[in-house]
Amino acid sequence: MDRLADRVAIVTGGGSGIGLATVRRFASEGARVVVADVDDVAGKAAASEAGGIFVRTDVTSSDDVDAMVAAAVDTYGRLDIAFNNAGISPPDDDSILSTGLEAWRRVQEVNLTSVYLCCKAQIPVMQRQGKGSIINTASFVARMGAATSQISYTASKGGVLAMSRELGVQFAREGIRVNALSPGPVDTPLLRELFASDPERAARRMVHIPMGRFADATEIAAAVAFLASDDSSFITASEFLVDGGISGAYVTPL
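Keep in mind it's a predicted model, so treat the numbers as computed, not measured.

(A) Geometry of the overall build of the protein. For the protein, the count of helices and strands is 8 helices and 7 strands. With the C-alpha coordinates aligned to their principal axes, the bounding extent of the protein is approximately 50 × 35 × 35 Å. Looking at the protein as a whole, 50% of its 254 residues qualify as buried. Within the protein, contacts between residues separated by at least 24 positions form 72% of all contacts whose residues are at least 6 apart in sequence. Carbon together with sulfur atoms contributes 54% to the accessible area of the protein, which is approximately 11700 Å² in total.

Right, here's the structure in full:
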């Protein structure tokens, strides 16, 4: 499909996981992609594969974020799609009883403040165009509680969900759509690293997924491409759940 032909897209965290899968999906649908990441090697490789450009970006830095958006406009003349996806889930983000203030703040900065900075820089460009689609990565944990807590991660994703809803309402009549994507557990390096140190935690989570498996990153990328495209032209201020049925389950099948 060429649903995104000639459109310009930014993907933060585009060097790996969901971001990389989305870079590939966007490129396959005709988009010109700006890959933003703090990992020079992975980011450059992703941009090269997609025929796009790489911009080294610390998404917690307003200067870096502004430079990222400027690079997209300077190179391609516009910005049609933004997938604000960069995030972290470090092992020191755990129960509220054991998570320190430094760990709390770091996760909030990367997962929530970065989305604020990205949207703040991206929306004015889209206002001038009269059109644009922003997709912010939240999570199914933004709507569900867990006994295996990642307290700052969960709170940050709740913030992304609420902020996306508000922005979607505020800018709807200017042609700018803003939606939150809420994936379930995805088989990415981030999740594998988290579970490698705690197999019991992995097992406790798997039993709650009705489909009996983690998502593949390409399945999440397909949802992002839908939200980026005109196929979702009447969808804004919404949460798009791609969670294998977790949020709809009371008892999962044997």
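(B) Broad picture of helix H5 (residues 151-170). Along its 20 residues, H5 runs 29 Å from first to last C-alpha, staying within 8% of the 28 Å computed at 1.5 Å per residue. For H5, the set of buried residues is Ser152, Tyr153, Ser156, Lys157, Val160, Leu161, Met163, Ser164, Leu167 and Gly168. Of the surrounding elements, those touching the buried residues of H5 are helix H4 (101-129), strand E5 (132-137), strand E6 (176-183) and strand E7 (239-242).

(C) Region of interest: the pairing of strand E1 (residues 8-12). Of all 5 residues making up E1, 5 are buried, and the element is well covered by its neighbours. Burial along E1 is two-sided: Val8, Ile10 and Thr12 facing one way and Ala9 and Val11 facing the other are all buried. Examined bridge by bridge, E1 and strand E2 (residues 32-37) share 5 bridges and lie parallel to one another. When the bridges of E2 are listed, isoleucine 10 appears paired with valine 34. Bridging between E1 and strand E4 (residues 81-84) involves 3 bridges; their strand directions are parallel. Across the sheet, the residue bridging to isoleucine 10 is alanine 82, located in E4.

(D) Region of interest: the side chain of serine 232. Within the element layout of this structure, serine 232 appears in the loop between helix H8 (217-228) and E7. Among the polar contacts listed, one links the side chain of serine 232 to the backbone oxygen of leucine 227, at a separation of 3.0 Å. Apart from residues no more than four positions distant in its own chain, serine 232 is found in contact with Arg177, Phe226 and Leu227.

(E) Geometry of the pairing of E6. With 8 of 8 residues buried, E6 is to be regarded as a mostly interior element. Residues Ile176, Val178, Ala180 and Ser182 of E6 are buried on one face, and the alternating residues Arg177, Asn179, Leu181 and Pro183, pointing to the opposite face, are buried as well. As defined by bridge partners, E5 adjoins E6 across 6 bridges and the pair is classed as parallel. Across the sheet, asparagine 136 pairs through a bridge with alanine 180, a residue of E6. This β-α-β element, E5 to H5 to E6, shows right-handed connectivity. Sheet topology note: the E6/E7 ladder contains 4 bridges and is parallel. Looking at E7, one finds that alanine 180 is bridged to glutamate 239.

Definitions and cut-offs
Residues numbered from 1 in each chain as written. Predicted model: local features only at pLDDT ≥ 70, side-chain atom pairs only at ≥ 80, totals over all residues. Heavy atoms only, no water. Helix = DSSP H or I, 4+ residues; strand = E, 2+ residues; numbered from the N terminus. Buried < 20%, exposed > 50% of the residue type's maximum accessible area, 1.4 Å probe, protein only. Contact = heavy atoms within 4.5 Å. Areas by Shrake-Rupley, 256 points an atom, 1.4 Å probe, with all protein chains shown as cover. Expected span 1.5 Å × (residues − 1). Pairing = 2+ DSSP bridges. Polar contact = N/O pair within 3.5 Å; in protein donor to acceptor, adjacent residues only side chain to side chain. Right-handed = clockwise from strand over helix to strand, strands pointing away.

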